[in-house]
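Geometric and topological summary
Chain by chain, the residues:
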Amino acid sequence: MTGYIIRRLLQFIPVVIVATLIVYAMVFLMPGDPIRALSGDRPMSEQVQDRLREQYNLNDPFLIQYGKYMWGVFTQGDFGTTFQGRPVLDIIQQGLPVTLTLAAVAFCFQAIIGAIAGILAAVYKDSFIDRFVQVSLVVAVALPTLAIAFLLQLTFGLNLGWFPIAGTRDGMVSYILPGIVLAAVSTGIVARMLRSELIEALQSDYVRTATAKGMKRSRVVTRHGLRNSLIPVVTFLGADLATMMGGAIVVESVFNMPGLGGQVFRSIQAQENTIVVGIVTLMVLFYVVVNLLVDLLYAVLDPRIRYE
Amino acid sequence: MALVLSACGNGAEEGAADTQPADGGGVISTYTCEPQNLQPGNNTENCGSRVLQQLFTGLTEVDYDTYEAQPAMAVDWHTEDQVQWTFELSEEYTFHNGDPVTAQSFVDTWNWVVDPDNAQATANFHDKFLGYEDVVNGDAEEMEGVRAVDDYTLEIELVEPFGQLPIVLTYNGFYPMPEVAFEDMDAFQRSPIGNGRYQMDGEWVHDSEINMDRYEDWPGENPGEPERIEWRIYNDIETAYLDVQAGELDILGEVPPSRIGQIEDDFGDNYSQNESSRFVYIGLPTYQQEWEDVNVRRALSMAMDREEINEQIFQGAMTPAYGILPPILPMSRNDACEYCEFDPEQAAELYEEAGGPTEFTVYTDIGTGHDEYVEAIANQWISHLPVEDITFQSLEFAQYLDLHDSREVTGPYRLGWLLAYPSAQYAMEPLYSTGAASNNAEYSSEDFDDAIAEANSADAEEADELYQAAEDHLLEDLPVLPLFFQDYFIVHTDRVDNVYSDLSSYVRVEDVRVLED
């Protein structure tokens, strides 16, 4: 087990290097001069522009720029600064808690609501509950994220006034609407996945045996049915937690949350390579760590799976 | 001749005197976007500028009734020849940390801003000061033309006569900074220490908020009305609009275009339409052979129905432009442009005679609604002129600017211009004088250059007519076709009153009254 984890951790190194290189290259290749764009239609003097290009190594060829940046990261822990001199680490420090909280809230919604809906639909298959769950999930999956966001903002924020429309000023309450929006699509997928897996499991021989032995229905469903249906769902949830970083870009913008998603979007537009690479590296690391955890969780769920 | 401008009281503020709100003025929350930075010398964008205006007081400030310079930190100023200027400073101003603001503060700040090592975005606003070139080229440490005679007398010597200096000095690039700023600028801009009506409360919380309290030791004549201003930072104005509706945000000064149609239903009386100096124009690359002929440009202008575009595309939310100078400035005229009147027959004739191109490309930057009105204009050209086909090219802003800088634009293009300070000089010189930084049309006219130079050298009273004369050259030659001046819509909650915006589209938050709290 330990050997397996160490091997997986070592694999992170090439993944991070390749990912940062690709991201750096993509931002580098974007047309237009970021320094020229910085001041919009009111250009700065040539001397000032030259000084900034020099300061941020923008005159160097691509690989040198990338090399200088990575050298700073690994030798001094220096993730660079924005064109305005703000350290990237500072930005990450401020944005990360917001994005993580948002992801955690969304994750809870999709895991809990998705699981409850899926189990109910499976246990009461073909009943009204099942149909209701199925229809509402199709709606949740089909509606564009932006539409759900505006709908919730208008209904629960503006008209009913139950939740803040935007920002993070009201603490955890502020995360509820954006959390729901971020979770909407995945909740539907989790529930449908769990429903079909559980229905299949409940029809299997070992469940019939357990029922025949007189085990309580609730115990049969949770201990025998559910446990065997969870592996694909956990895989999905894990992968989804990682992709939430992408969804956060839209949700954080609409709900005006000062997280990393909105930041990375604005930084790409401004071609601020240092921030983009810093944040994306973090997202990549998050993704691979979550995947590792998911793999380890398999062993817990299914004792037949062993890692050497 | 001595030039002394008296402080004209702002009408809105006078009204405020007899309905003084209780509790010392109350608290308002108002919209802004995330500033690039909060260094006065380094900020040329809206998000930060309007915040800095509350934290700092310059030598002069804008009188929002007349758009002239009125005394602020400078109580008086003199010049004989528009080259040598003497400013007498008030002795009462202090920075928010208690340090006095002296003539030396201005000298040090301006030299620091111009120093190329500090790479400040507003450095070139100082280019008329004697010695600017030397400092920029590294031949001198300090500008020769900026001198503190004593603690409260500042002398400025220019490289050429420039009567607009007092109004130029209202710009945030000329605000004084305290000594602590130069020691650690990054620390300074987390919580800028200025000398303005308001002082920072806590640090700038990036992407969230900037809070400021009224600085009670501010000695000026019209201190801020609200006791506290909370700037809420939004990256999406749609969200801010909803927050004003819900009462979470008091003021939004830039209603999104998509909401203008429903604004009355949503806000009743709590909205206003405000003129601004944002000039949106169709430029023509006069460096390309097809657009060299002035008659081609005139024909394009006469084939544009500006009223129809305003009605059809903007539901009347803009001010159609019939000149280069913003109508908000007192010297602007709306009947000076002979070739801006819609006259399709004559336009077609003129275009035909001049041999205007039958096919060309129109350029825009990608952004809210730009494509829509540019396409509408192209359609008007196709239907009124012997033009067969127009193709469009939309580019990201950075790429768009690159294309302009490398002079590769082949057809009409959209661009905008917002005044940094309310002077006719700034509406024209940076855009149309030969070789100017923002002269994307590469227009070059000796007559115009001479006219601008003459107007610049005149004192403020005589300048208006001379700037009009300069504008006449532009309206004859039409290097750019005036399209519209953008109006800004403000919405606000019931609890605030006297909400208006200035020519830069900034809500004058210091004048806002809180009705109840």
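Residues numbered from 1 in each chain as written. Chains lettered and ligands numbered in written order. Predicted model: local features only at pLDDT ≥ 70, side-chain atom pairs only at ≥ 80, totals over all residues.

1. Re the overall build of chain B
- When helices and strands are counted, chain B shows 17 helices and 19 strands.
- Over its C-alpha trace chain B gives a radius of gyration of 23 Å, about what one expects of a compact globule, namely 24 Å for 517 residues.
- Referenced to the eigenvectors of the C-alpha coordinate spread, the extents of chain B come out at roughly 70 × 55 × 40 Å.
- Taken over 517 residues, chain B has a buried fraction of 52%. (Helix = DSSP H or I, 4+ residues; strand = E, 2+ residues; numbered from the N terminus. Rg over C-alpha atoms; globule rule 2.2 N^0.38 Å. Buried ≥ 20, exposed ≤ 12 C-beta atoms within 10 Å, placed from the backbone.)

2. Side note on the overall build of chain A
- Tallying secondary structure elements over chain A gives 12 helices and 0 strands in all.
- Taken from N to C terminus, the helices and strands of chain A fall in the order α-α-α-α-α-α-α-α-α-α-α-α.
- For chain A, the C-alpha atoms occupy an extent of roughly 85 × 55 × 30 Å along the three principal directions.
- Expressed as a percentage of its 308 residues, the buried residues of chain A come to 36%.
- Within chain A, contacts between residues at least 6 apart in sequence are counted, and of these 72% link residues at least 24 apart. (Contact = placed C-beta atoms within 7 Å.)

3. So, helix 8 (residues 176-202) of chain A
Residue and element names in this part refer to chain A.
- Taking 1.5 Å per residue, 27 residues should reach 39 Å; helix 8 reaches only 34 Å between its end C-alpha atoms and comes up short.
- At A184, helix 8 is deflected by roughly 50°, the largest bend along its length.
- The element helix 8 is extensively covered by neighbouring structure, given that 20 of its 27 residues are classed as buried. (Expected span 1.5 Å × (residues − 1). Bend = angle between axes of the 7 residues up to and from the residue.)

4. Description of the domain arrangement of chain B
All names here are of chain B.
- Along its sequence, chain B is carved into domain 1 (5-31 + 206-276 + 488-514), domain 2 (52-187) and domain 3 (279-485).
- Between domain 1 and domain 2, the C-alpha centre-to-centre distance is 28 Å.
- Taken together, the contact between domain 1 and domain 2 spans 17 residues of the former and 19 residues of the latter.
- Within the side of domain 1 that touches domain 2, the residues separate by chemical class into 10 nonpolar, 3 polar and 4 charged. (Domains from an automatic or database assignment. Nonpolar A, V, L, I, M, F, W, Y, C, P; charged D, E, K, R; others polar.)

5. Looking at the UniProt feature "domain: ABC transmembrane type-1" (unreviewed entry) in chain A
- Cross-referencing UniProt, the feature "domain: ABC transmembrane type-1" (unreviewed entry) maps to residues 96-298 of chain A in the present numbering.
- Taken as a whole, residues 96-298 of chain A contains 82% helix and 0% strand, while its terminal C-alpha atoms sit 28 Å from one another. (UniProt positions renumbered as here; feature names shortened; annotations may be inferred.)

6. A short note on the sheet that holds strand 5 (residues 84-89) of chain B
Residue and element names in this part refer to chain B.
- With respect to topology, 4 strands assemble into an open sheet ordered 4-5-7-6, the strand pairing being antiparallel. The open sheet terminates on both sides in strands that have one partner only, identified here as strand 4 (74-79) and strand 6 (146-150). With strand direction ignored, the average angle separating the axes of adjacent strands in the sheet is 20°.
- Two strands pair when backbone bridges link them, and strand 6 and strand 7 (residues 153-157) are joined in this way by 4 bridges, in the antiparallel orientation. Bridge pairing in strand 7 links V146 to I156. (Pairing = 2+ DSSP bridges. Axes fitted to C-alpha atoms, helices over the stretch in contact; angles between N-to-C directions.)

7. A short note on the pairing of strand 17 (residues 480-492) of chain B
Residue and element names in this part refer to chain B.
- Burial analysis of strand 17 places 13 of its 13 residues in the buried class, which makes it a mostly covered element.
- Pairing analysis gives 2 bridges linking strand 11 (residues 251-252) to strand 17, with the strands arranged antiparallel. The residue bridging I251 from the neighbouring strand is H492, located in strand 17.
- Both strand 12 (residues 271-283) and strand 17 contribute to a ladder of 10 bridges, which runs antiparallel. Paired with Y271 across the two strands is V491, which belongs to strand 17.
- Judged from the 3 bridges that link them, strand 13 (residues 318-320) and strand 17 form a sheet pairing that is antiparallel. When the bridges of strand 17 are listed, T319 appears paired with F485.

8. Points about the packing of helix 5 (residues 88-123) of chain A against helix 10 (residues 217-254) of chain A
All names here are of chain A.
- The N-to-C vectors of helix 5 and helix 10 enclose an angle of 145°; their axes lie 10 Å apart at closest approach. At the point where helix 5 passes helix 10, the crossing takes the right-handed sense. Of the residues in helix 10, those in contact with T99, L102, A103, A106, F107, A111 and V123 of helix 5 are V221, L237, L241, M244 and A248.
- Taken together, the residues that form the contact of helix 5 with helix 10 break down as 11 nonpolar, 1 polar and no charged. (Left-handed = near helix turned anticlockwise from the far one by under 90°.)

9. Here we look at the UniProt feature "transmembrane region" (unreviewed entry) in chain A
- Mapped onto the present numbering, the UniProt feature "transmembrane region" (unreviewed entry) falls on residues 12-30, 100-123, 135-155, 175-194, 233-255 and 275-301 of chain A.
- A distance of 34 Å separates the end C-alpha atoms of residues 100-123 of chain A, which is 100% helix and 0% strand.

10. A short note on unusual backbone geometry
- Not every positive phi belongs to a glycine, and B:L478 is a case in point at roughly 45°.
- Within the secondary structure, B:L478 sits in the loop between helix 17 (460-477) and strand 17.

11. Some words on the packing of helix 10 of chain A against helix 11 (residues 260-269) of chain A
All names here are of chain A.
- The N-to-C vectors of helix 10 and helix 11 enclose an angle of 85°; their axes lie 7 Å apart at closest approach. In terms of their interaxial angle, helix 10 and helix 11 are classed as roughly perpendicular. Between helix 10, through M245, A248, I249, E252 and S253, and helix 11, the contact on the second element is made entirely by G261, G262, V264 and F265.
- Classifying every residue of the contact of helix 10 with helix 11 by side-chain character gives 5 nonpolar, 3 polar and 1 charged. (Parallel < 35°, antiparallel > 145°, perpendicular 65-115°, else oblique.)

12. Thoughts on the confidence of the model for chain A
- Chain-level pLDDT for chain A is 84 on average; 100% of the residues reach the 70-or-more range.
- No element of chain A has a lower mean pLDDT than helix 2 (residues 34-38) of chain A, which averages 79, and none a higher one than helix 5 of chain A, which averages 89. (pLDDT = per-residue confidence, 0-100.)

13. Some points on helix 9 (residues 205-212) of chain A
- The element helix 9 of chain A is largely exposed, with a buried count of 0 among its 8 residues.
- Two residues or fewer past helix 9 of chain A, A:G214 is found with a positive phi of approximately 90°.

14. Overview of the confidence of the model for chain B
Residue and element names in this part refer to chain B.
- Looking at chain B, pLDDT values average 90 and 95% of them are 70 or higher.
- Note on residues 1-19: pLDDT under 50 across the span, and 34 contacts to partners over four residues away in sequence or across chains.
- Prediction confidence for the complex, expressed as pTM and ipTM, is 0.87 and 0.82 respectively.

15. Some remarks on the environment of B:M212
Residues and elements named next belong to chain B.
- Take M212: it is sitting in strand 9 (residues 209-214).
- Among the residues examined, M212 registers 26 C-beta atoms within 10 Å and is labelled buried.
- Each C-alpha atom, one on M212 and one on C47, is 15 Å from the other, the two residues being 165 residues apart in sequence.

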